Every structure is written in structure tokens, then in C-alpha cells.
Amino acid sequence: MMSQLRSVVLAGGGTGGHIYPLLAFADALRRHFPQIRITTLGSPKGMENQLIPAAGYDLRVIPAFQLPRALNLDLLRTPDRMYKSAAAAGEIIDEVQAEVVVGFGGYVSVPAYLAAWRRELPIVIHEVNVPAGVANRMGMKFTKRVAVGFPHQLEQAESLRNARLVGVPLRTGITHMDRPALRPQALYHFGLRPDLPVLFVSGGSSGARTINLAVAAAAKRLAHAGIQVLHVQGGRNDPFEVPHDLPVPYVVVPYLSEMELGYAAADLMLCRGGAITVAETTALGMPAIYVPYPFSNQEQRRNALPVVESGGGLLVDNSELTPDWIERNIIPLARDRQRLGQMGAAAAQYGRRDGDEALLRYVLEAVS
Ligand SMILES: CC(=O)N[C@H]1[C@@H](OP(=O)(O)OP(=O)(O)OC[C@H]2O[C@@H](n3ccc(=O)[nH]c3=O)[C@H](O)[C@@H]2O)O[C@H](CO)[C@@H](O)[C@@H]1O
């Protein structure tokens with residue numbers, strides 16, 4: 001029997017990679033403790049402003065501030081905006097009488113960690129990247145309770161060596177879905193044909209310009225090879241042109257709030273290597289081609305590499321993703337059911353679906 005929890009504050013913001021695990025964890029809290037009060041802290045401009053209210057949770061926006069470049073406890077002496085943000089976070093923590101603060105990273109987590117530390121409240125950090133994000137590394141000055149999403153993080157980041165491996169909290173719409181059963185409805189939803197393979201393209205929550213332009217430029221070749229495309233443009237990316245007279249569907253959607261429909265329709269995924277994306281493709285046993293974002297400390301390459309090494313996907317450098325590469329590699333793969341099946345099975349070996357429950361157990365330990 002789990003102990004009771006009455007009120008928690010969840011902090012995390014910026015892009016989908018910090019917000020979706022927070023939401024999945026909030027759902028797990030609600031399942032176990034139907035009366036619980038859940039308050040989320042966000043920053044003024046992050047995607048949390050769309051995603052959290054849409055999911056039906058209470059979002060409190062606290063003032064933005066600039067993180068100092070160096071990681072140090074000068075935080076406590078940085079008055080001005082940092083102080084204002086921490087004071088705002090503290091007022092909310094007091095108002096809702098939070099018993100614990102769980103942070104998922106993004107700048108907004110720092111004032112939440114600081115305010116919780118000052119009140120001697122338990123703090124739990126969930127981190128999915130190597131190296132750990134700057135905000136979470138600051139949070140680690142205030143708590144030893146750090147949970148990670150993937151085994152490689154424990155080996156590759158000194159700061160995460162003693163962390164608890166819990167996996168990534170994923171939305172139940174994804175973890176509980178039966179892909180083959182949902183497939184006909186998903187294909188119908190997007191206007192795709194049931195008799196031809198579907199390449200699902202998504203550059204993560206913000207979208208990826210290189211991927212968008214390369215696939216759009218390969219549209220004719222894909223279509224003439226009988227490959228349908230379901231292409232998510234991404235929340236922060238410019239529209240791109242796709243020829244109108246293609247013989248098979250090429251469907252462009254700006255953003256998918258029901259990502260499970262995309263996964264259900266897909267035979268093969270082409271994506272960046274964001275940690276939550278990797279957690280989702282592997283949880284679903286989805287064969288994928290990963291194109292890591294090249295400008296963020298190699299973190300996306302590290303996310304995708306273990307999956308690729310276990311046979312669950314392919315890795316291609318951002319600079320190598322051209323229409324020619326797509327023609328040479330993606331077209332034959334998308335038509336090879338047997339190889340896709342093997343890749344999917346290998347991906348599933350690496351994936352896990354219980355990150356929400358495992359993180360909840362860790363948080364309950366912290367509180368008790
Ligand atoms: C450029 C960059 O720094 N990206 C980082 C960012 O990626 P980003 O914010 O793109 O996050 P991820 O790729 O990890 O996750 C994207 C999430 O958005 C969802 N989604 C996406 C598109 C859509 O239309 N609908 C939808 O729901 C996906 O299902 C997934 O849940 O955070 C990740 C987790 O900290 C990091 O590993 C990435 O390196």
C-alpha cells in the first residue's frame with residue numbers, strides 16, 4: 001500500500017522534452033491519488049503554456065531569469081530576477097502546501113529547487129540527458145535524489161553516477177496503445193492508404209529544419225517508390241513546400257497532440273534523437289532512423305546510440321541526410337517488412353513502459 005500524497009509541485013518547461021514526462025508523471029499521481037493537488041511551474045514563453053493547460057493541469061507561470069553560465073552557489077547571492085523567481089516559486093509552494101517538488105529540467109526548475117531547499121522540502125530531479133541539463137545540475141546542489149531515464153546515463157555522466165534508473169514517464173496514450181489495433185483508425189484519420197508503407201517524420205517538439213527540407217525534397221522519389229509520408233512539421237518550424245501532384249499521399253501536419261496516432265500509422269520513423277522521442281520509439285518497438293541534432297553537446301547521439309547498437313535503428317549525421325541518402329537507405333528499408341520487424345523487435349528490447357510508476361515509487365520514498 002502506498003503512502004498518501006496530498007500536494008505536489010512539478011517544475012519543468014521549455015520544450016516538449018521536459019513537459020511530456022512531467023505530464024505523464026502528473027497522470028500517474030492522479031491515478032494513484034485521485035484527490036491530489038498538482039501544481040505545475042512554468043516559464044512565460046515555454047511550450048508548457050500550451051501543453052499543460054490543454055492537459056487539464058494547473059500551470060503557474062513564474063518570472064523568467066537568466067541562468068549564470070557557471071554552475072555555482074552564487075545563485076544564492078544573485079538577487080534581482082533569480083531571487084524574484086525563487087520567491088514566486090516559494091509563495092506557490094507555501095500556498096499549495098506542497099510536500100515535495102519534482103523537477104524535470106528547464107530553467108524554471110531552478111527557482112523551484114531553490115525555494116524547496118530553503119523550506120527543507122524533499123526534492124526529486126528527473127534527468128534524461130548526458131550531460132545532465134544545466135538547470136538540473138544546479139538542482140543537484142540541493143538534493144541527492146536524482147532519477148534518470150536510461151542506463152547509459154549512469155555510466156557516461158559523472159554527476160549521474162549515483163542516480164536511480166527509473167526510465168522515462170510516458171503518456172499512457174502511448175504506453176497502453178495496441179499499435180496494430182489502432183492502425184486502421186490512424187490511417188483513416190490522416191487519409192493514408194492501408195496497402196503502402198508509411199514513413200513517419202518528426203523532428204521533435206520544435207521540429208527540425210534539416211529533416212523537414214531533406215524529406216520534402218525527396219517527396220517525389222519516395223512517392224514513386226510507393227512510400228507514403230506522414231510529416232509533422234513541429235511547433236517552431238517554418239512551413240515547407242511539397243509537390244501537389246504526387247501519386248501517393250504525403251500528409252503534412254503542423255503538430256500532433258495525439259502523437260500515438262502517428263506512431264500507430266507508421267512503419268518506420270525518421271526523427272531526431274531527443275530523449276523522450278527515443279523513449280517512445282523504443283517503448284513501442286518502432287524501427288527508427290535517428291538524425292541527432294548536431295549542436296547540443298552530442299546529447300542526442302548518446303540517446304540514440306544504444307538503440308542503434310542493439311539493432312533497433314539507424315543513425316545518420318545531420319549533414320548526411322540528403323535526398324540521395326533518403327533514396328539509397330530509406331526507400332529499401334521502408335519496403336523490407338522483414339528487416340523492419342527485426343529492427344522493431346530489437347528496439348522493443350531496449351524500451352520500457354513503466355517510467356511513470358518507477359518515478360512515483362522513488363518520489364514516495366523521498367517523501368516518507
Ligand atoms: C534540440 C534540443 O536541444 N532538443 C532536446 C529536447 O528535445 P525535444 O523537446 O524535441 O524533446 P524530445 O524529442 O525528447 O521529445 C519530444 C516530445 O514531443 C512529442 N511530440 C512531438 C511532436 C509532435 O507533433 N507532437 C508531440 O507530442 C513527442 O511525442 C515527445 O514526447 O529535449 C530532449 C529531452 O530533454 C533532449 O534530449 C533534446 O536534445
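Along each chain, the written sequence defines residue order, and numbers are assigned to residues from 1. Thresholds applied to this predicted model are a pLDDT of at least 70 for local features of residues and 80 or more for the giving and counting of side-chain atom pairs; totals over whole chains, interfaces and linings are not thresholded and use all residues. Side-chain numbers come from the whole structure's heavy atoms, not from hydrogens or water.

Quick notes on the site of the ligand
Defined as follows: Here a residue is considered near a molecule or strand provided that any single heavy atom belonging to it is located within 4 Å of it. Any pair of N or O atoms that falls within 3.5 Å is considered a polar contact. Within protein, one atom must be able to donate a hydrogen and the other to accept it, and sequence-neighbouring residues count only if both atoms are side-chain atoms. Under the convention used here, a 1.4 Å probe and the Shrake-Rupley method define accessible areas, while residue burial counts only the protein chains that appear. Starting at the N terminus, helices and strands are each numbered in turn, a helix being any DSSP run of H or I of at least four residues and a strand any DSSP run of E of at least two. Residues were grouped as follows: Ala, Val, Leu, Ile, Met, Phe, Trp, Tyr, Cys and Pro as nonpolar; Asp, Glu, Lys and Arg as charged; and all remaining residues, including Gly, as polar. The split of the chain into domains comes from an automatic or database domain assignment.
Every one of the 24 residues lining the ligand counts as a neighbour, but Thr15, Asn129, Thr277, Glu280 and Glu299 are closest to it. Here a nitrogen atom of the ligand and a backbone polar atom of Leu256 are 2.7 Å apart. When the ligand sits alone it has 770 Å² of accessible area, and the protein chains cover 89% of it. For the shell around the ligand, the elements supplying multiple residues, two or more each, are α1 (16–32), α12 (275–284) and α13 (299–309). Here the shell around the ligand is composed, by residue class, of nine nonpolar, twelve polar and three charged. Each of domain 1 (7–170 + 353–367) and domain 2 (174–350) contributes no fewer than three residues to the shell around the ligand.

Overview of the domain arrangement of the protein chain
For interface size, the figure often reported is the accessible area lost on association. Formally: By definition in these notes, contact holds between two residues if any of their heavy atoms fall within 4.5 Å. A simple way to read buried area is as the amount of 1.4 Å-probe accessible surface that goes missing from two parts once joined, with both sides added. The working definition used for a salt bridge is a side-chain nitrogen of Lys or Arg within 4 Å of a carboxyl oxygen of Asp or Glu.
Taken domain by domain, the protein chain consists of domain 1 (7–170 + 353–367) and domain 2 (174–350). Counting from both sides, the interface comprises 21 residues of domain 1 and, opposite them, 19 residues of domain 2. Carbon and sulfur atoms supply 59% of the area buried between domain 1 and domain 2, which totals about 1800 Å² over both sides. When the area that domain 1 buries against domain 2 is broken down by residue, the three leading residues are Phe150, Leu170 and Arg353, summing to 37%. Where domain 1 touches domain 2, the interface holds zero salt bridges. Summed over the shared surface of domain 1 and domain 2, the number is five residue pairs in polar contact (both at pLDDT 80 or more). Breaking the side of domain 1 that touches domain 2 down by element, the ones donating at least two residues are α1 and α6 (151–156). It is α1 that contributes the most residues to the side of domain 1 that touches domain 2, four residues altogether. Class assignment of the residues belonging to the side of domain 1 that touches domain 2 gives a composition of eleven nonpolar, eight polar and two charged.

Regarding the environment of Pro323
Of note, Pro323 is situated in helix α14 (residues 323–334). Distance from Pro323 to Pro151, taken between C-alpha atoms, is 34 Å for residues 172 residues apart in sequence. With near-sequence residues (within four places) excluded, Pro323 lies in contact with Ala214, Ala217, Ala218 and Arg221.

Considering the UniProt feature "binding site: UDP-N-acetyl-alpha-D-glucosamine" (unreviewed entry) in the protein chain
Formally: UniProt positions are given in the numbering used here, feature names are shortened, and annotations may be inferred rather than shown by experiment. Relative accessibility thresholds used throughout: buried, under 20% of the residue-type maximum; exposed, over 50%; partly exposed, between the two (1.4 Å probe, protein chains only).
Residues given the UniProt feature "binding site: UDP-N-acetyl-alpha-D-glucosamine" (unreviewed entry) here are Thr15, Gly16, Gly17, Asn129, Arg171, Ser205 and Gln300. Positionally, Thr15 belongs in the loop between β1 (7–11) and α1. The partly exposed category is assigned to Thr15, whose relative accessible area is 29%. For Thr15, the residues in contact, after removing those within four places along its chain, are Met47, Ser205, Ser206 and Arg236. As for its position among the elements, Gly16 is in helix α1.

A short note on unusual backbone geometry
Here Val130 and Pro131 are connected by a cis peptide whose omega angle stands at -5°. Inspection of the secondary structure puts Pro131 in the loop between β5 (123–127) and α5 (134–139). Phi at Glu120 is positive, roughly 60°, even though this residue is not glycine. Counting through the fold element by element, Glu120 comes out in the loop between α4 (109–118) and β5.

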